[in-house]
Amino acid sequence: MPYKYTINGGARLKGAINVGGCKNAAVAILPAATMVRGVCRIENVPRISDIYAWLDILTRMGVSVRSINETTVEIDSTSLRSIPATFDVMREMRASYYLIGALLSRFGEAQVSMPGGCDFGVRPIDQHIKGFRSLGSDIEVRNGIIHAKAEHLAGNHVYMDVVSVGATINVMLAATLADGMTVIENAAKEPHIVDVANFLNTMGADIKGAGTDMIKINGVRELHGGTYSIIPDQIEAGTYMVLAAATESDLLINNVIPKHLECITAKLREIGADVEELDEAVRVRGNGRPGKAMIKTMPHPGFPTDMQPQIATLLALADGTSVVTEGVYDNRFRYVDELRRMGAHIQVDGKVAVIEGVAGLTGAAVRACDLRAGAALVIAGLAAAGRTEIEGVSHIERGYEMMIEKLCAVGADISVREIETPSVIREAL
Ligand code: EPU
């Protein structure tokens with residue numbers, strides 16, 4: 001049964017929120033565990049539906065998955081044999097493509113469903129394919145399935161024509177068990193790329209330079225088991241930081257790496273919020289109406305595209321006119337129509353949104369069209385006067401761990417309700 005969030009806005013929140021493990025690291029580390037002969041104990045795994053989908057896929061592939069506690073799993077792929085990974089659920093996930101790099105690395109072949117994921121316009125995987133081909137793999141797409149096969153996977157120089165998180169990680173996975181040295185140039189530098197490299201190195205890989213634009217992978221024969229703890233989620237933390245500023249709240253956001261949040265901290269300070277950096281926490285206090293800002297999203301260390309809908313929602317309440325330019329995707333402003341229903345004044349022209357701040361938003365019935373758009377609507381609903389109802393919340397639960405529980409614990413008024421089937425349809429069933 002689908003359900004929706006009902007938010008009574010206007011409350012000022014106060015208290016502490018604990019951030020979970022990084023989604024975009026976890027969705028690569030779980031498939032990477034199929035490369036390991038031995039038990040991988042993975043800690044700080046986020047409790048989100050994308051991870052539950054991965055655990056289901058691994059189990060269906062014959063991998064042994066054991067849950068130790070709510071955020072720790074043990075994965076043992078020792079007895080895994082290369083098999084086609086073409087389950088329906090994979091067509092809805094972007095990260096399903098990581099199984100190509102992982103299985104190709106370990107078995108020299110892979111058959112994986114074409115990936116899905118949030119709809120931000122065209123999302124090609126040409127750079128992944130180019131990388132696999134450089135390492136000696138044949139790649140073909142037939143009937144929605146990617147077939148990769150290499151007689152001999154060997155290291156090579158791979159130059160990325162666009163800076164891509166997915167392609168950088170995928171080529172890193174494929175190169176880990178390849179013969180010889182691979183050099184990835186123009187690599188993406190996001191914290192989760194460093195995290196995936198650290199995971200692989202803990203299991204015996206030889207990867208240097210992750211976090212810079214040149215990564216060197218010296219292929220090893222085999223990976224062994226070990227224990228690894230995933231870094232905190234930069235975007236979950238950033239979302240609560242922006243939420244605090246938008247609702248004039250006082251939130252202590254725990255289990256973060258403040259360095260990963262610097263670009264968000266800098267923008268929030270520029271807009272007028274108080275941000276205090278502690279050892280493994282940040283405290284954000286909203287300070288009246290935010291100021292206007294100019295923002296352009298870029299690959300790391302630029303302002304992350306995955307924070308664009310949330311910061312645009314904050315700027316919808318600013319004193320003055322702001323400009324937000326999307327520098328990564330062609331079409332990541334689909335949520336703007338929903339904010340307009342709540343009284344926001346935003347004009348979008350291609351990759352640029354001009355946001356004329358209003359003094360307040362008003363509650364409305366809206367729909368989340370993707371994960372971060374959904375988070376932006378929760379921020380808008382909490383900042384708005386009156387009641388907001390958000391449908392499409394399964395998008396939010398793909399990537400935010402227990403968001404409603406965390407927000408209610410600091411004073412938010414949000415309830416989760418089933419969406420009733422209209423009686424005319426109920427009777428017809
Ligand atoms: N691109 C290509 N060719 C490729 C790969 C990418 O042209 O072969 C383009 C894309 O179309 C896009 C740009 O390069 O315009 C960057 O895409 P990237 O490959 O970096 O994105 P991704 O790996 O598909 C991951 C995250 C996204 C996040 C981006 C950018 C995962 C599963 N997804 O996607 O996360 O927006 O990196 O940081 O890691 C989210 O969490 O909400 C989310 C969408």
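Residues numbered from 1 in each chain as written. Predicted model: local features only at pLDDT ≥ 70, side-chain atom pairs only at ≥ 80, totals over all residues. Heavy atoms only, no water.

## Describing the sheet that holds strand 7 (residues 138–142)
1) Next: If you walk across this open sheet you meet the 3 strands as 6-8-7, and the pairing is antiparallel. Of all strands in the sheet, those with a lone pairing partner are strand 6 (109–113) and strand 7, marking the two edges. The sheet shows a mean angle of 15° between the axes of neighbouring strands, taken without regard to direction.
2) Next: Contacts from helix 3 (residues 98–107) reach strand 6 and strand 8 (145–149) within the one sheet, and its direction differs from that of strand 6 by about 160°. (Pairing = 2+ DSSP bridges. Helix = DSSP H or I, 4+ residues; strand = E, 2+ residues; numbered from the N terminus. Axes fitted to C-alpha atoms, helices over the stretch in contact; angles between N-to-C directions. Contact = heavy atoms within 4.5 Å.)

## Thoughts on the sheet that holds strand 14 (residues 250–254)
1) Next: Strands sit in the order 2-14-16-15 across an open sheet of 4 strands; the sheet is mixed. Both edges of this open sheet fall to strand 2 (14–18) and strand 15 (274–277), since each of them pairs with a single strand only. Averaged over all adjacent pairs, the angle separating strand axes in this sheet is 15°, with direction ignored.
2) Next: The pairing of strand 2 with strand 14 spans 5 bridges and is parallel. Among the inter-strand pairings, K14 is bridged to a residue of strand 14, identified as D250.
3) Next: Sheet contacts for helix 7 (residues 234–246): strand 2, strand 14, strand 15 and strand 16 (281–285); angle to strand 14, the most-contacted strand, approximately 170°.
4) Next: Packing against the sheet, helix 8 (residues 262–271) makes contact with strand 15 and strand 16, and its axis sits at approximately 145° to strand 15.

## Topic: the site of the ligand
1) Next: By nearness alone, 25 residues border the ligand, and Q127, S164, V165, D306 and V328 come closest of all.
2) Next: P124 places a main-chain nitrogen or oxygen 3.4 Å from an oxygen atom of the ligand.
3) Next: R332 places a polar side-chain atom, nitrogen or oxygen, 3.4 Å from an oxygen atom of the ligand.
4) Next: For the ligand, whose accessible area on its own is 830 Å², the fraction buried by protein is 91%.
5) Next: Put simply, the parts of the chain that give the shell around the ligand at least two residues each are helix 1 (23–32), helix 4 (126–134), helix 5 (165–176) and helix 11 (371–383).
6) Next: Among the residues forming the shell around the ligand, the class breakdown is 12 nonpolar, 6 polar and 7 charged.
7) Next: If you count residues domain by domain, the shell around the ligand takes at least three from each of domain 1 (3–20 + 232–423) and domain 2 (23–229). (Near = heavy atom within 4 Å. Polar contact = N/O pair within 3.5 Å; in protein donor to acceptor, adjacent residues only side chain to side chain. Areas by Shrake-Rupley, 256 points an atom, 1.4 Å probe, with all protein chains shown as cover. Nonpolar A, V, L, I, M, F, W, Y, C, P; charged D, E, K, R; others polar. Domains from an automatic or database assignment.)

## Re the domain arrangement of the chain
1) Next: Each assigned domain of the chain is listed here: domain 1 (3–20 + 232–423) and domain 2 (23–229).
2) Next: The gap between the C-alpha centroids of domain 1 and domain 2 is 30 Å.
3) Next: Taken together, the 24 residues of domain 1 in the interface contact 19 residues of domain 2.
4) Next: A buried area of about 1,900 Å², summed over both sides, lies between domain 1 and domain 2, and 50% of it is on carbon and sulfur atoms.
5) Next: Linking domain 1 with domain 2 are 2 salt bridges, by the criterion used here.
6) Next: Taking the shortest distance from any N to any O, the salt bridge between R398 and D50 comes out at 3.1 Å.
7) Next: In this structure, the connection of domain 1 to domain 2 is made through 6 residue pairs in polar contact (both at pLDDT 80 or more).
8) Next: Only helix 11 and helix 12 (394–399) provide two or more residues apiece to the side of domain 1 that touches domain 2. (Buried area = accessible area lost by both parts, 1.4 Å probe. Salt bridge = Lys/Arg side-chain N within 4 Å of Asp/Glu carboxyl O.)

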